[in-house]
Amino acid sequence: MPSPRKPESAIDVGGVPRERILGWLADQLKVARFRDYAPNGLQVEGRAEIRRIVTGVTACEALLRAAIERDADAVLVHHGWFWRNEDPRIIGTRRRRIGLALAHDLNLLAYHLPLDAHPVWGNNAQLARVLGLLPDAAPDEGGPLTLGSEGLLWAGTAPGLPTLAALAARVRERLGREPLLVGEPDMPLGRVVWCTGAAQGMMQDAIDGGATVYITGEASEPTTHLARETGTGFIGAGHHATERYGVQALGQALAEHFPLEVTFVDIDNPV
Ligand SMILES: [Zn+2]
């Protein structure tokens, strides 16, 4: 016996044209403003109408299989494919991933820097929400204060968290993961600067911007020395752990705007 069907759902009307979704995303995320390391938007073309979307941090093989299992029409991620300087040959893991998307008519939509930077749904904005950080407003009050040559760092304060140890404990509790900590635990916190993902290379920009502590996803060997020699606290909170939230917020916004079923699938990653 057929189950009762929801009227007006995308399932009944045959789905939302892909181009409408892409247009809305390009507009909302101001994609044209970014010079990025990979194409933003549609990376692999699948079926023309979309009803179900699976979102995730990275378009790895496990996420594609989860999307296929859920009969998704599209996969929406922060880390897509076709990165600059990548081996362009379609062999090995790349062949398997691309083969799966093509065989199942899956669209792959990816948004990298535009999703880091969005003032509400972006990874930096969402990490602040999850950790309880209070972003500083830009001098013109037109948005958050950003630092660094590309404006990818956010600055603010950590209300109620007096020390580096207290902030590290908050990170551990909210992200469910032991952070990497460099610095004196009792160090008092002033300005907190953060950037999700692998932004350890921007730590000097954070220090130049007055950071007492810098939070990002990953660390490199020199990160420790830079932190120690400048007296700046450093928290490596996990690349995946810090970038789980932007794509979820974007997926929720999509589901509010279009008749779509959107499901986030977390493919755990300890890095
Ligand atoms: Zn990333």
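Per chain, residues are indexed from 1 in the order of the written sequence. Predicted model: local features are reported for residues with pLDDT of at least 70 only, side-chain atom pairs are reported and counted for 80 or more only, and whole-chain, interface and lining totals are derived from all residues. The side-chain values count all of the structure's non-hydrogen atoms but skip hydrogen atoms and water molecules.

Draft legend 1. Molecular detail of the coordination of the zinc ion. The zinc ion binds to the protein through H79 (NE2), H239 (NE2) and E243 (OE); the donor distances cover 2.0 to 2.1 Å. The class of H79 is buried, set by a relative accessible area of 13%. For Na, K and Ca the donor cut-off is 3.2 Å, while for other metals it is 2.8 Å, and in both cases only N, O and S atoms qualify; water is not among them, so sites may look incomplete. Buried means the residue's accessible area, taken with a 1.4 Å probe over protein chains only, is under 20% of the maximum for its type, while exposed means over 50%, and partly exposed covers the values in between.

Draft legend 2. View of the sheet that holds strand β4 (residues 52–58). Ordered in space as β2-β6-β5-β4-β14, the five strands form an open sheet in which the pairing is mixed. With partners counted over all chains shown, the strands left at the sheet margins are β2 (41–44) and β14 (261–264), one partner each. The sheet shows a mean angle of 30 degrees between the axes of neighbouring strands, taken without regard to direction. In this description, strands pair whenever DSSP reports at least two bridges between them. Elements are defined by DSSP. Helices are runs of H or I of four residues or more, strands are runs of E of two residues or more, and each kind is numbered from the N terminus. In terms of strand pairing, β4 meets β14 through four bridges, oriented parallel. Helix axes are fitted to C-alpha atoms over the stretch in contact, other axes to C-alpha atoms as well, and angles between N-to-C directions run from 0 to 180 degrees.

Draft legend 3. Looking closely at the pattern of salt bridges. Counted as salt bridges are all cases of a side-chain nitrogen of Lys or Arg within 4 Å of a carboxyl oxygen of Asp or Glu. Tallied over the entire structure, the rule returns 14 salt bridges. Measuring nitrogen to oxygen at the nearest pair gives 3.1 Å for the salt bridge that ties R174 to E173. The class of R174 is partly exposed, set by a relative accessible area of 35%. Judged by relative accessible area, which is 54%, E173 ranks as exposed. Close ionic contact of D266 with R244 constitutes a salt bridge, the shortest N to O distance being 3.9 Å. With a gap of 22 residues between them, D266 in the segment after β14 and R244 in the loop between α10 (239–242) and α11 (246–257) connect regions that are remote in the sequence. Its relative accessible area of 38% is what places D266 among the partly exposed residues. Ionic contacts of the salt-bridge type, sharing partners, join the residues R18, E19 and E45 into one network.

Draft legend 4. Summary view of the pairing of strand β13 (residues 233–236). A two-sided burial pattern is seen for β13, the buried positions comprising G233 and I235 on one face and F234 and G236 on the other. The sheet contact formed by strand β10 (residues 180–182) and β13 spans three bridges and is antiparallel. Bridge pairing links V182 to F234 in β13. Sheet topology places strand β12 (residues 213–216) next to β13; four bridges connect them, and they run parallel. The residue bridging T216 from the neighbouring strand is G236, located in β13. Viewed along the sheet, the connection from β12 through helix α9 (residues 221–230) into β13 turns out right-handed. Here is how to tell: hold the view so the strands point away, follow the path from the first strand over the helix to the second, and if it runs clockwise the crossover is right-handed.

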